[in-house]
Amino acid sequence: MQQLAQGKSQIQNTSFLPLSSALAVIVAVIGLSGCSGSSVEQSKLPLHNIPVTTPSQSPVATSATAINLDILLQESWNAYRQRFIQADGRVIDREDSDRSTSEAQAYAMLRAVFADDPTTFARTLNWSENNLQRTVAGKRTDQLWAWKWGRDAQGNWGISDRNFASDADIDAITALIFASRRWQRPDYLQLAQSKLQDLWNLSTVAVPQGSRYLIPGPTDAFQERSHLLILNPSYFAPYAFRIFAQVDPARDWLSLVDSSYQALEDSAKLSRVNLPSDWIILDTQTGDYQALPVSHSLRTEYSFNAYRVWWRLAWDAVWFQEPRATQFLQNHLKHLQQMWRSTQRIPAQINLQGNPLVNYEATSQYAMLYAAFRLIEPAIATEILQQKLLPQYQGGIWEQDSAYYTQNLVGLGLLPPTELTQLLQLTK
C-alpha cells in the first residue's frame, strides 16, 4: 500500500514568483470580460525564467477585452500531446523517471474526448489496455488498470505496481462513455460497462450502516483492520456516478453520490477551517472520521490531492444542478476566499489548523479553484486567472514542459463545462 500511496500523493515543490509591475500591466491589458462563463502539479523548478507571452503573441487574447479559451485549450492540448504522449499512446511523467500511470492515461483520454481527438484517444486507450492489464500467472484478473508502469532496477519496462487506483479508472470509464456518445462507438460503451462491474466489485465497500463508499484501490491496501477505511475525498466524482447509473442500472451507483457528499461534509470537519484533506480514515463502526497518524506515509491535510474536490464538485453543480455541490463550495471555500482577499495568494499546503505548511503556491490549485470560484464568486475567479494562471502560460505549456500534472489540472479547470452537456445525455 505504501508504494501505491506515495506514488499517488507526492508531488514536487514549486516556487511561485509574485507578479512584476510589467507583468501586471500585461495581464491587465488581456482582460477577462468575455470569459465569465468559462474556466481555468507541480514542478521541480522555480518559475524565475519562464518568459511571458504578450497578448500580441498568443491566442490567449483575441482582443483587449476577451480571452478565446477555445483556442487556448486547443493549443495547450496540442502541446501536451506532442510533449507528453508518445506515438503509441503512452503518457510520460517526465518528473518521475519517465514512468506512466493509469491516472495519466485517463486524463489524456478525458482531454482527447473534449478536444474531439479520436486518434489520440484510441492510441492512449490501446496502450493502456495492452500494458496495464492486471494479471496473475499470465491471466487477466479484471478490467481495471494497474496504476504504475515504469523501469525496474534491471532497466526493464513494465508494471511496477499492479494495484489499481480508482480515480483513474473512474476518469477512464467516464471518458469511454463520453467517447461512445461523441463518436458513435458502441464498442467503447461495452468496454466501459465491463469495467464498471469490476470497479463496483473491487473498489466499493458496503458498511454496517448500509451505506456504500468508494475506496481508493484494493481493499487489502485501503482497509486497515475490519472497520477502518482509508478514503481520498478527491476521488469522489458524483457526476461520474450519475453517468455510470445511466449505462449500468444493475448497480446502485447513485448511492455513491450520497455517500460521497456525506463523506466530504463530515470529513471536512477534521479541519478547523473546513477544508477537504488528501487522505482520511472512516471508522465504519462509529461513522466517525479520523486523521491518519503522523507516522503514516499518507497525510490528512489540504494539499495536491484535495485540490481536485473543487473541480469535481463544480462539474456536478453545472452538469446536474446538484445543490449539495454548490453548498459545499460556498461553505468550504471561505477560508481560502479570506486568504485571497487579504494577501492575493494561497499556499500550496494547509494543515488542519488552517495554517500554511509551505511558503510556495501551486498552479494546479489555482486551476481547480478557478473552476469553483467561477460558479460562486466570479470576481475572484477572474483575479486568479489574471494573476496566477495566464502569466504561467507560453506556447501551450503551463509553468514548464516537465509539469505533467499541472498541464492536466489547468486543462480540466479551464474547460467550460457548459459546452459538454451533449455528452451527458443517454444515447438512444
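The protein chain goes by Glycosyl hydrolase in an unreviewed UniProt entry, where it is assigned to Chroogloeocystis siderophila 5.2 s.c.1. Its UniProt record gives the protein chain a comment under Sequence similarities (unreviewed entry), which states: "Belongs to the glycosyl hydrolase 8 (cellulase D) family."

A. Focus on the overall build of the protein chain. Each helix and strand counted, the protein chain has 16 helices and 13 strands in total. Split into buried and exposed, the 428 residues of the protein chain put 60% on the buried side. With the model as given, the accessible surface of the protein chain reaches about 16300 Å², and the carbon-plus-sulfur share is 47%.

B. The sheet that holds strand E8 (residues 223-224), seen in detail. Sheet architecture is open: four strands sit in the order E8-E9-E10-E11, paired in antiparallel fashion. One side of each edge strand has no neighbouring strand; the edge strands of this open sheet are E8 and strand E11 (289-290). As paired strands, strand E10 (residues 280-283) and E11 are joined by two bridges and run antiparallel to one another. Paired with Ile281 across the bridge in E11 is Gln290.

C. Quick peek at the environment of Ile281. Of note, Ile281 is situated in strand E10. For Ile281 and Ile230, which are 51 residues apart along the polypeptide, the C-alpha to C-alpha distance reads 4.6 Å. Excluding its chain neighbours within four sequence positions, the residues that come into contact with Ile281 are Leu228, Leu229, Ile230, Asp288, Tyr289, Gln290, Ala291, Leu292 and Pro293.

D. Representation of the environment of Arg345 in the model. Following the sequence through the fold, Arg345 ends up in the loop between helix H13 (334-343) and helix H14 (363-376). Counting along the chain gives 17 residues from Arg345 to Ala362, while the straight-line C-alpha distance between them is 9.9 Å. Here Asn359 takes part through its backbone oxygen, which lies 2.9 Å from a polar atom of the side chain of Arg345.

E. Quick look at the sheet that holds strand E1 (residues 100-101). Spatially, the three strands line up as an open sheet ordered E1-E4-E5, and their pairing is antiparallel. With partners counted over all chains shown, the strands left at the sheet margins are E1 and strand E5 (157-161), one partner each. Judged from the two bridges that link them, E1 and strand E4 (residues 148-151) form a sheet pairing that is antiparallel. Paired with Ser100 across the strands is Trp149, a residue of E4.

F. Seen up close, the confidence of the model for the protein chain. On average, residues of the protein chain carry a pLDDT of 86, and 84% of them reach 70 or more. Per-residue pLDDT stays below 50 along residues 1-65; that stretch engages in 168 contacts with residues further than four places along the chain or on separate chains.

G. Layout of the packing of aromatic side chains. Evaluation of the coordinates by the stated rule reveals 26 aromatic pairs. Between Tyr404 and Tyr405, the ring centres sit 6.4 Å apart and the planes meet at 65 degrees, which makes this aromatic pair edge-to-face. The residues Tyr404 and Tyr405 share a single accessibility class, namely buried. Here a set of aromatic residues connected by ring pairs shows up, and it is made of Phe114, Phe178, Tyr239, Trp311, Trp315 and Trp319. Above the ring of Tyr80, the side-chain terminus of Arg111 is found at 4.8 Å from the ring centroid. Here the guanidinium or amino end of Arg185 rests over the ring plane of Tyr188, the centre of that ring lying 4.2 Å away.

H. Highlighting helix H7 (residues 186-203). In this model H7 runs 25 Å from its N-terminal to its C-terminal C-alpha over 18 residues, within 8% of the 26 Å that 1.5 Å per residue would give. Those residues of H7 lying buried are Tyr188, Leu191, Ala192, Lys195, Leu196, Asp198, Leu199, Trp200 and Ser203.

I. Spotlight on unusual backbone geometry. For Asp116, which is not glycine, the phi dihedral falls at a positive 55 degrees. You can see Asp116 is positioned in the loop between helix H4 (102-114) and helix H5 (118-131). On the basis of relative accessibility, which here comes to 43%, the residue Asp116 falls in the partly exposed class. Positioned with a positive phi, Arg225 is a non-glycine residue whose angle comes to about 60 degrees. Topologically, Arg225 is positioned in the loop between E8 and strand E9 (228-231). According to the relative accessible area criterion, Arg225 is exposed, its value standing at 59%.

J. Representation of the pattern of salt bridges in the model. Throughout the structure, instances matching the rule amount to 21 salt bridges. The residue Asp117 makes a salt bridge to Arg81 at a minimum N-O spacing of 2.6 Å. Note that Asp117 is positioned in the loop between H4 and H5 and Arg81 in helix H3 (residues 69-84), a separation of 36 residues in sequence. A salt bridge links Arg242 to Asp316; its shortest N-O distance comes to 2.8 Å. A residue pair is termed long-range when its members are at least 10 positions apart, and Arg242 in helix H9 (residues 238-247) and Asp316 in helix H11 (residues 308-320) qualify at 74 residues. Judged by relative accessible area, Arg242 falls into the buried class, the value being 16%. Judged by relative accessible area, Asp316 falls into the buried class, the value being 0%. Taken together, the salt bridges that share partners define one network made up of Arg242, Asp258, Asp316, Glu322 and Arg324.

Conventions and cut-offs
Counting restarts for each chain: residues are numbered from 1 in the order of the written sequence. Local features are withheld for residues below a pLDDT of 70 in this predicted model, meaning they are given only at 70 or higher, and side-chain atom pairs are given and counted only at 80 or more; totals for whole chains, interfaces and linings count all residues. With hydrogens and water set aside, each side-chain value is computed from the structure's full complement of heavy atoms. UniProt positions are given in the numbering used here, feature names are shortened, and annotations may be inferred rather than shown by experiment. Numbering of helices and strands starts at the N terminus; helices are DSSP runs of H or I of at least 4 residues and strands are runs of E of at least 2. Residue exposure (1.4 Å probe, protein chains only): buried if accessible area is under 20% of the type maximum, exposed if over 50%, otherwise partly exposed. Surface accessibility in these figures is a Shrake-Rupley result with a 1.4 Å probe; residues are shielded only by whichever protein chains are displayed. Pairs of strands are assigned from DSSP output, requiring at least two bridges between the strands. Residue contacts are counted whenever heavy atoms from the two residues lie within 4.5 Å of one another. N or O atoms closer than or at 3.5 Å make up a polar contact, with two conditions inside protein: a donor-capable atom paired with an acceptor-capable one, and, for residues adjacent in sequence, both atoms drawn from side chains. For every residue, the predictor reports its confidence as pLDDT, a number between 0 and 100. Each Phe, Tyr or Trp ring (for Trp, its six-membered ring) is paired with any other whose centre lies within 6.5 Å, and the angle between the two planes then decides the class: stacked below 30 degrees, edge-to-face above 60, tilted in between. Lysine and arginine charges are scored as sitting over a ring when NZ or CZ, respectively, is within 6 Å of the ring centre and within 35 degrees of the ring normal. What a helix should span is 1.5 Å times the count of its residues minus one. Definition used for salt bridges: Asp or Glu carboxyl oxygen within 4 Å of a side-chain nitrogen of Lys or Arg.

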